[in-house]
Amino acid sequence: MKKEITAEQKIRRICITILLLALIICIAHVGIKHIAQAKRQQELSELDSYEVYSTFVSTKNVYRVFVMCNPEYTISDIIALKITDEYIESLKLKSYTTERSDMPIIIYLMMPSDELPYGWEKSELNISCNFDHSVFHRHTMCRITIPYGAVSVDDCTIEYHGQNAE
């Protein structure tokens, strides 16, 4: 004799099935996110440096670029590899507009720490107006000022900061 399923049991089974599907989707989403993050970390670890954040500071009429440096490279190596004539030109194209074309560009080379690890990107903290930019300045080991009209690293001012600076 076959036992009949009541309406209440059908509803329970449907609810359990929906909850299980939702749980599986959540686990898959989290897993995919972790895999993508691990892949991005691997990509960044193969670079000598990468840009973390850039902004125009209207009160100082300056364009700032914060660059995280791979600790496996020296600051001198990163300057030689990163600050090329092409990179300077690309920064100018990115930062200069008709209203603000004569401003300097300052590149802050940062070294990673526990507070700001290598691989950190701005999307993780959603940098906004209220973000404490002092964390970037605390990790700056070198500041490169590109004056208006500069075409190569020879035209720039390089200032070393901190105990690990050269």
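Our structure is the block above this text.
Residues numbered from 1 in each chain as written. Predicted model: local features only at pLDDT ≥ 70, side-chain atom pairs only at ≥ 80, totals over all residues. Heavy atoms only, no water.

**Q** Could you clarify how one ought to interpret the sheet that holds strand β3 (residues 105-110) in this entry?
**A** Strands belonging to one sheet form pairs held by backbone hydrogen bonds; the direction of such a pair is parallel or antiparallel. A sheet is described by the order of its strands in space; here five strands give the open sequence β1-β2-β3-β4-β5, paired in mixed fashion. Taken across any chain shown, the strands that pair with only one partner, and hence form the sheet edges, are β1 (49-57) and β5 (157-160). Sheet twist, expressed as the mean angle between neighbouring strand axes with direction ignored, is 20 degrees. Across six bridges, strand β2 (residues 62-69) lies against β3 in parallel orientation. (Pairing = 2+ DSSP bridges. Helix = DSSP H or I, 4+ residues; strand = E, 2+ residues; numbered from the N terminus. Axes fitted to C-alpha atoms, helices over the stretch in contact; angles between N-to-C directions.)

**Q** Can you help me understand the nonpolar core in this one?
**A** For soluble globular proteins, nonpolar side chains are generally found buried alongside one another. Counting residues in each nonpolar core, the largest one holds 23 residues, and the members touching the most others are Val-65, Ile-107, Leu-109, Ile-144 and Ile-146. Elements supplying a minimum of two residues to this core: β2, α2 (75-82), α3 (85-95), β3 and β4 (140-146). When near neighbours in sequence (up to four residues on either side) are disregarded, Ile-107 contacts Val-65, Val-67, Ile-83, Tyr-87, Leu-91, Cys-142, Arg-143, Ile-144 and Ile-146. Counting 16 residues, the second largest nonpolar core, distinct from the first, contains Tyr-50, Phe-66, Met-110 and Leu-116. (Core = buried A, V, L, I, M, F, W, Y, C linked by side-chain atoms within 4.5 Å. Buried < 20%, exposed > 50% of the residue type's maximum accessible area, 1.4 Å probe, protein only. Contact = heavy atoms within 4.5 Å.)

**Q** When you look at the packing of aromatic side chains in this model, what are you seeing that I'm missing?
**A** Describing an aromatic ring pair means giving the distance of the ring centres and the angle of the ring planes. Using the criterion set out here, one finds five aromatic pairs in the structure. Ring plane angle 35 degrees and centroid distance 6.1 Å describe the contact between Tyr-53 and Phe-136, whose orientation is recorded as tilted. Residue Tyr-53 is found in strand β1, and its partner Phe-136 is found in helix α4 (residues 134-138); the two are separated by 83 residues along the sequence. Judged on exposure class, the residue Tyr-53 and its partner Phe-136 are both buried. For the pair Phe-66 and Tyr-108, a centre-to-centre distance of 4.7 Å together with 15 degrees between the ring planes defines the contact as stacked. Placement of the pair is Phe-66 in strand β2 and Tyr-108 in strand β3, with a sequence separation of 42 residues. For the pair shown, Phe-66 and Tyr-108 are each scored as buried. Taken together, Tyr-53, Phe-66, Tyr-108 and Phe-136 form an aromatic cluster joined through their ring pairs. (Phe/Tyr/Trp six-rings, centres within 6.5 Å; stacked < 30°, edge-to-face > 60°.)

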